[in-house]
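# An overview of the molecular structure
Read off the chains here:
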Amino acid sequence: MAEPAYQRLDVDERRAQLLELGARLFTEHAYDELSMAQIAREAGISKALLYHYFPSKQAFFVATLERGATELVALTEPAADLPPAQALDQTLDGFLAWIEDHRETYLKVMRSSTGHAEVRELVEGVRAETAARLLDGLTGGEPPPPALRAAVRGWLWFMDGACQDWLEQEDLGRDEVRGLLLGTLAGAITASGHAELLAKLAE
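Residues numbered from 1 in each chain as written. Predicted model: local features only at pLDDT ≥ 70, side-chain atom pairs only at ≥ 80, totals over all residues. Heavy atoms only, no water.

## Notes on the nonpolar core
Within the largest apolar cluster, 55 residues are counted, with the highest numbers of intra-cluster contacts made by Ile-99, Trp-155 and Leu-181. Here the element with the most residues in this core is helix H8 (residues 146–169); it accounts for 10 residues. No fewer than three residues from each of domain 1 (11–54) and domain 2 (65–202) sit in this core. Leaving out residues up to four positions away in the same chain, Trp-155 has contacts with Leu-92, Leu-134, Leu-181, Thr-184, Leu-185 and Ala-188. (Core = buried A, V, L, I, M, F, W, Y, C linked by side-chain atoms within 4.5 Å. Buried < 20%, exposed > 50% of the residue type's maximum accessible area, 1.4 Å probe, protein only. Helix = DSSP H or I, 4+ residues; strand = E, 2+ residues; numbered from the N terminus. Domains from an automatic or database assignment. Contact = heavy atoms within 4.5 Å.)

If you want it as structure tokens, here you go:
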């Protein structure tokens with residue numbers, strides 16, 4: 001009896017393989033250039049099997065982004081016992097290292113966020129989690145003053161813009177970008193009227 005054209009894998013292994021393939025394909029091609037039939041051919045499986053794992057191209061696209069976001073959040077999670085300054089350094093280093101290694105993926109996500117509601121929700125979710133982490137470090141877990149909250153959340157938008165410029169122009173080093181981000185965060189906190197909290201970032 002002839003062997004099937006595709007390799008038999010267990011469910012989790014097959015899904016992981018497909019998500020890895022998706023991350024590459026959606027980086028190399030525009031969303032509208034790909035079809036489920038093309039993706040299935042690239043994966044060496046039937047289109048029916050691909051639909052078994054992902055009900056639509058949109059669902060597959062979002063799943064690949066969620067996988068990357070989960071990896072990014074895990075890599076930027078600082079050790080629980082670190083003081084705020086070291087925790088921020090660790091988070092920024094992890095974030096910048098990840099987007100430098102996944103340049104095209106990050107740029108594609110940021111550019112897609114205006115046109116795809118699911119991508120926008122994913123990006124906003126990562127921003128919200130990052131803002132909550134920063135604000136907890138600054139306030140010791142207390143509810144942040146509104147101006148401080150707005151300053152930190154606004155700084156995260158600035159950070160994405162600065163990182164896009166860095167990756168697109170390629171004329172700044174990672175340490176220079178890191179210094180720029182730390183400096184503008186300090187400026188945003190100062191402008192919010194809570195410069196006294198900067199002492200926490202200097203500990």
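Next comes the rest of the account.
## Re the packing of aromatic side chains
Here the distance between the centres and the angle between the planes together describe a pair of aromatic rings. By the definition in use, this model includes six aromatic pairs. Ring centres 6.1 Å apart and planes at 20 degrees place the aromatic pair Phe-26 and Tyr-31 in the stacked group. The burial state of Phe-26 is the same as that of Tyr-31; both residues are buried. By the ring-pair criterion, three or more aromatic residues cluster together here, those being Phe-26, Tyr-31, Phe-54, Phe-60 and Phe-61. The ring of Tyr-31 carries Lys-57 above its face, with NZ or CZ at 4.1 Å from the centroid. Over the aromatic face of Trp-157 sits the side chain of Arg-127, whose NZ or CZ is 3.8 Å from the ring centroid. (Phe/Tyr/Trp six-rings, centres within 6.5 Å; stacked < 30°, edge-to-face > 60°. Lys NZ or Arg CZ within 6 Å of the ring centre and 35° of its normal.)

## Section: the packing of helix H1 (residues 11–28) against helix H6 (residues 103–112)
Orientation of H1 relative to H6, taken along the N-to-C sense of each, is 70 degrees, at an axis distance of 9 Å. Between H1 and H6, the crossing angle belongs to the class labelled roughly perpendicular. Once H1 is placed against H6, the crossing between them reads as left-handed. Between H1, through Ala-23, Phe-26 and Thr-27, and H6, the contact on the second element is made entirely by Glu-104, Thr-105 and Lys-108. For the contact of H1 with H6, the class distribution of residues is two nonpolar, two polar and two charged. (Axes fitted to C-alpha atoms, helices over the stretch in contact; angles between N-to-C directions. Parallel < 35°, antiparallel > 145°, perpendicular 65-115°, else oblique. Left-handed = near helix turned anticlockwise from the far one by under 90°. Nonpolar A, V, L, I, M, F, W, Y, C, P; charged D, E, K, R; others polar.)

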